[in-house]
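Here are the chains, one letter per residue:
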Amino acid sequence: MYVNILNKKVAVCTLGCKVNQYESDSMMDILKKNGCEIVPFSQFADVYIVNTCSVTNMAERKSRQMLHRAKKKNPEAVIVAAGCYVQAAEEALAKDLGIDILIGNNCKKDVARILSEYYEDTSMHEVVIDINHTNEYEEMTLVKPNERCRAYVKVQDGCNNFCTYCIIPYTRGRIRSRKLADVVREVEGLAVEGVQEVVITGINLSSYEDEDGASLLMLLQAVAKVNGIKRIRMGSLEPRVITEEFLDGITALDKVCPHFHLSLQSACNETLKRMNRKYTIEEYMEKCEMIRKAYDRPAIATDVIVGFPGETEEEFATTVANLEKLNLYEMHVFKYSKRSGTIAATMEHQVSDAVKEKRSNVLLELTANQKAAFEAQFSGELLPVLMEEYDCIDKDGKPAYVMKGHTDRYILVKQETTREVCEQSVNTFVDILYRPEKSK
């Protein structure tokens, strides 16, 4: 234990992906073990840590805003920038007088030691490795997640895809995987703490293969054997991982949810080619059909970028038509944003913001309608819901209590009941007669 950080109040802000959330939760665990008190980011703290994101220029701007916001909360606080933005812009951040410590990827596990060394010598501290020349998997262990009943479990880091719009291979390095035995050990500990649902995640989860040759399927089979874990979800998957063998394996595991995030980005082959994606829309459709044959009404979600350089009206029309055919449960729609350091940022025929906005609105309306139709299929069915939390709301001037949770297909369910029932139901499964909300 590092004595000079005992009783320090630490606030952590997480930007970006599920992997970042896992690493933030792990850093908080490490700091708590070393006697720190974790407080909300909105409160006064001795140390503010911003676990940054660099996936777009907007994400970097948000990272800077949160770092400067922390300094305003307490000008005397130690300000720590960690993660992907540090890897992408170390030199620029080192010149920012408001930031005291830079922690790159693969170094977050050392956060307690780094803080302790800073309090011994309050000069600018930079702990950033050349992430593109390491094969080391940064071993971190989550003991208690922020959410009581669900936990993210990171099993893989890095990416070798080099999509033309993406900076992640440069900020996260090459693919590397965690030992299967270490993953199982962590999940067993989380189960003891009352976690009932785990989300297996990574930067490029589909590439998981540990040093002993264990595959993603083998990892899921091992996690499914852990007592106390009732549900297993997976983070974003590449289409190539969906094979008959993989589907046969996971359908034999009752704990794996029929809920898939299958990476897409565009539903037009010409656009996919410029993105350097390694599949065609026809192959993607085939993978979706394979999932639908394997599962009853699976929830398939994806990400779609609109306004990618060179995306013509004809290409966008093709994307819309194919997305209508795919009829996915949910699409996360992103307007293409230039990211310096990527090939796409220098491509010709950049699309205007006005066109991006128009195209985004088209897909947002499409996904809202498709999501509502998907959820309507379950109206009147008794669905097991893992109740995660409850809220007190105002109803006709009186307090009312609403408990909330998700089905195995990640449909959000809300039910109004008494405070006592809410308190008893948190982190338990409740069978609910599902009625879609009218607003949907």
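About the criteria used
- Residues numbered from 1 in each chain as written.
- Predicted model: local features only at pLDDT ≥ 70, side-chain atom pairs only at ≥ 80, totals over all residues.
- Heavy atoms only, no water.
- Axes fitted to C-alpha atoms, helices over the stretch in contact; angles between N-to-C directions.
- Helix = DSSP H or I, 4+ residues; strand = E, 2+ residues; numbered from the N terminus.
- Parallel < 35°, antiparallel > 145°, perpendicular 65-115°, else oblique.
- Left-handed = near helix turned anticlockwise from the far one by under 90°.
- Contact = heavy atoms within 4.5 Å.
- Pairing = 2+ DSSP bridges.
- Core = buried A, V, L, I, M, F, W, Y, C linked by side-chain atoms within 4.5 Å.
- Buried < 20%, exposed > 50% of the residue type's maximum accessible area, 1.4 Å probe, protein only.
- Phe/Tyr/Trp six-rings, centres within 6.5 Å; stacked < 30°, edge-to-face > 60°.

Asks: Explanation requested: the packing of helix H7 (residues 180–192) against helix H8 (residues 216–224) in the structure shown.
Replies: Helices that pack against each other are described as a pair by the angle of their axes relative to one another and the distance between those axes. Packing of H7 against H8 leaves a shortest axis separation of 10 Å and a crossing angle of 30°. For the element pair H7 / H8, the angle class is roughly parallel. Crossing hand, H7 versus H8: right-handed. Of the residues in H8, those touching H7 at Leu180, Val183, Val184 and Val187 are Met218, Leu219, Ala222 and Val223.

Asks: Any chance you could explain the sheet that holds strand E12 (residues 299–306) here in plain terms?
Replies: In any sheet, the strands associate via hydrogen bonds between backbone groups, in a parallel or an antiparallel arrangement. The three strands are arranged E11-E12-E13 in an open sheet whose pairing can be described as parallel. The outermost strands of the open sheet, each flanked by one partner alone, are strand E11 (259–261) and strand E13 (330–335). The average undirected angle you get between the axes of adjacent strands in this sheet is 15°. As judged from the six bridges shared by E12 and E13, these two strands associate in the parallel manner. Bridging from a neighbouring strand, Asp303 pairs with His332 of E13.

Asks: So what exactly am I meant to see when it comes to the nonpolar core here?
Replies: Generally speaking, nonpolar side chains in soluble globular proteins are found buried as a group. Grouped together as the largest cluster of nonpolar side chains are 84 residues, with contacts concentrated most on Ile200 and Ile250. With seven residues, H8 is the largest single contributor of residues to this core. Setting aside residues up to four positions removed in sequence, Ile250 forms contacts with Leu217, Leu220, Met234, Val256, Phe260 and Tyr295. The next biggest cluster of nonpolar side chains, apart from the first, holds 22 residues, and it includes Val50, Met66, Ala77 and Val86.

Asks: Could you clarify how one ought to interpret the packing of aromatic side chains in this entry?
Replies: Describing an aromatic ring pair means giving the distance of the ring centres and the angle of the ring planes. Scanning all chains against the criterion turns up 10 aromatic pairs. With a centroid separation of 6.3 Å and 40° between ring planes, the pair formed by Tyr279 and Tyr284 is classed as tilted. Given a relative accessible area of 0%, Tyr284 falls into the buried group. By way of ring pairs, the aromatic residues Tyr165, Phe308 and Tyr336 are connected into one cluster.

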